[in-house]
Amino acid sequence: MFRLPSTLRPLHYQLELFPNIYGSQPADFSLSGRVAIRVLCQEVTSVVTLHAGGGLRLSREEGAMRVTPALLQNGSNSSGVVEVPVAAEIKQRTVTCMLRRFDGFRYLAATIFLPTYARMAFPCFDEPALKAEFTLSLIRKRDFVAMSNMPLASTRTRKKDGEAGEEEEGQWAVDTFQSSPPMSTYLLTFTVCQFLSQEANTSRGYSFKAWSRPESVQQTRYGLEVGVRVMPFFDDYFGIKFPLPQQEMIALPGFQYYGMEHWGLVGYKERVLLYSDDLPSSTDRQRIATIIAHELGHMWFGNLLTMVWWDDTWLNEGFATYAQYLGIDFAFPQWKMLDQFLVLSFRSAMHLDGFERSRPLYTPVLSPSHILAAYDSIIYDKVG
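Keep in mind it's a predicted model, so treat the numbers as computed, not measured.

Caption draft 1: Representation of the overall build of the protein. Along the backbone of the protein there are eight helices and 16 strands. Looking at the protein residue by residue over its 384 residues, the buried ones come to 52%. Counted over contacts in the protein with a minimum sequence separation of 6, partners at least 24 positions apart contribute 71%. Surface accessibility of the protein: about 17,200 Å² in total, with carbon and sulfur atoms responsible for 52%.

Caption draft 2: Region of interest: a nonpolar patch on the surface. A contiguous nonpolar patch, built from L342, V343, L344, F346 and M350 and spanning about 470 Å² of accessible area, is present on the exposed surface. Relative to the elements of secondary structure, L342 occurs in helix α6 (residues 337–353).

Caption draft 3: A look at the sheet that holds strand β7 (residues 133–141). Spatial ordering of the open sheet is given by β3-β4-β2-β1-β7-β10-β9, a layout of seven strands whose pairing is mixed. At either end of the open sheet lies a strand with only one pairing partner, and these are β3 (66–67) and β9 (152–158). Two elements, β3 and strand β4 (residues 78–89), share two bridges in a ladder whose sense is antiparallel. Within β4, the position partnered with V67 by the bridge is V82.

Caption draft 4: Structural detail: the pattern of salt bridges. On inspection of all chains with the given rule, the structure shows 12 salt bridges. A salt bridge links D126 to R119, with the nearest nitrogen and oxygen atoms 2.9 Å apart. For D126, a relative accessible area of 2% corresponds to the buried category. Note that D236 is salt-bridged to R204, the shortest N-O span being 2.9 Å. Here the residue D236 occupies a position in helix α2 (residues 221–238), and R204 occupies one in the loop between β12 (196–200) and β13 (207–212), the gap between them amounting to 32 residues. We classify D236 as exposed; its relative accessible area is 51%.

Caption draft 5: Summary view of the packing of aromatic side chains. Tallying each qualifying case throughout the model produces 25 aromatic pairs. On the basis of an interplanar angle of 20° and a centroid distance of 6.4 Å, the ring pair of F18 and Y22 is categorised as stacked. Judged by centre distance (4.6 Å) and plane angle (20°), the ring pair of F332 and W335 falls under stacked. Each member of the pair, F332 as well as W335, carries the same accessibility label: buried. A connected cluster of aromatic rings, assembled from ring pairs, spans Y206, F233, F234, Y237, F238, F242, W300, F301, F319 and F330. Here R3 stacks its cationic end above the ring of W309, 3.6 Å away from the centre of that ring.

Caption draft 6: Seen up close, the sheet that holds strand β16 (residues 265–269). Strands sit in the order β12-β13-β14-β16-β15 across an open sheet of five strands; the sheet is mixed. Since the sheet does not close on itself, it has two edges, and those belong to β12 and β15 (259–260), each with one partner. Where strand β14 (residues 246–252) and β16 come together, five bridges link them in parallel fashion. The partner of E248 across the bridge, within β16, is L265. Across the sheet, α2 is in contact with β12, β13 and β14; its angle to β13 comes to roughly 155°. Contacts between helix α4 (residues 282–297) and the sheet are confined to β13, β14, β15 and β16, with β16 contributing the most and set at about 150° to the helix.

Calculation rules
- Residues numbered from 1 in each chain as written.
- Predicted model: local features only at pLDDT ≥ 70, side-chain atom pairs only at ≥ 80, totals over all residues.
- Heavy atoms only, no water.
- Helix = DSSP H or I, 4+ residues; strand = E, 2+ residues; numbered from the N terminus.
- Buried < 20%, exposed > 50% of the residue type's maximum accessible area, 1.4 Å probe, protein only.
- Contact = heavy atoms within 4.5 Å.
- Areas by Shrake-Rupley, 256 points an atom, 1.4 Å probe, with all protein chains shown as cover.
- Patch = residues over 30% accessible without salt bridge, like charges linked within 9 Å, V, L, I, M, F, W, Y side chains within 5 Å.
- Salt bridge = Lys/Arg side-chain N within 4 Å of Asp/Glu carboxyl O.
- Pairing = 2+ DSSP bridges.
- Phe/Tyr/Trp six-rings, centres within 6.5 Å; stacked < 30°, edge-to-face > 60°.
- Lys NZ or Arg CZ within 6 Å of the ring centre and 35° of its normal.
- Axes fitted to C-alpha atoms, helices over the stretch in contact; angles between N-to-C directions.

Spelled out as structure tokens, the structure:
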């Protein structure tokens with residue numbers, strides 16, 4: 001598996017992206033924009049090496065990619081900016097999710113870059129140890145809403161061709177979000193949709209919201225209740241305050257994972273986040289609460305503390321698995337989750353570990369397919 005050289009290290013990404021999901025044919029959807037990456041030159045070099053793959057199209061015209069001259073001339077410990085135009089297809093594994101309504105098909109854009117799909121959306125240093133700050137701007141239609149890891153900083157209007165203009169029908173909005181703390185590329189996320197949200201009060205200084213389709217937004221109340229109970233507990237238990245100004249969750253139709261721990265905007269399958277009191281089930285309540293607590297545990301284990309390389313994925317998933325039991329045992333003590341841990345996790349881990357095909361916690365990762373293959377009961381339950 002190709003690894004980037006250590007000559008350059010990313011410090012900050014300035015991204016402006018336009019997910020074009022407004023036609024009637026998904027085959028015509030596209031992602032365009034520009035990325036400017038401020039980098040630190042750690043060793044003298046005249047070569048800039050980035051990850052770029054999948055449907056990403058890079059211009060070969062002279063001057064399309066610009067590099068600050070100081071980056072190449074000053075050598076070690078100098079900083080500079082690498083600027084690259086972005087043009088990509090919207091594919092199932094990068095910007096995805098279809099929303100079907102009674103009036104036909106309507107679409108939303110929702111990203112999931114785990115493990116190595118950020119490079120399919122924009123050129124980047126797509127390795128977990130190469131953390132950087134992100135400042136993201138998204139272009140959208142004015143009747144859509146955009147969200148990302150960080151709160152919205154500003155919105156301005158402009159015409160589709162990129163020129164600023166007065167308010168008039170048919171114009172587009174550009175949402176710019178606050179800069180993030182340093183984080184891995186796989187944790188960056190954005191969604192452009194026509195969803196609604198509910199908000200719950202927290203006592204810890206950050207906002208807490210849940211998003212879903214308008215007709216389902218009332219079913220996010222239980223997920224919000226779980227979140228506002230568990231997050232303050234994690235603040236206190238880990239002794240490290242949640243570092244972002246927001247924590248949001250979103251129920252995504254067609255989402256491929258039960259949950260994805262995007263920092264500040266966790267994505268879930270609809271059946272994981274949405275719960276209706278019309279069909280009460282203690283099993284469903286516990287299942288939803290446990291998955292939510294697991295993903296929120298990742299805000300510390302995985303997001304704040306991140307493995308250097310994918311062969312240490314157990315560091316993310318194992319500690320988040322144990323954290324889910326701690327969090328739910330605090331929020332709903334009547335379920336006795338720490339007693340259930342022995343049956344649900346410990347027994348499962350010992351069962352799989354007893355087979356000849358069992359493997360060590362640490363397994364070398366040599367290709368992207370090895371990354372996803374490592375997500376099994378060994379790294380979730382045995383570590384937990």
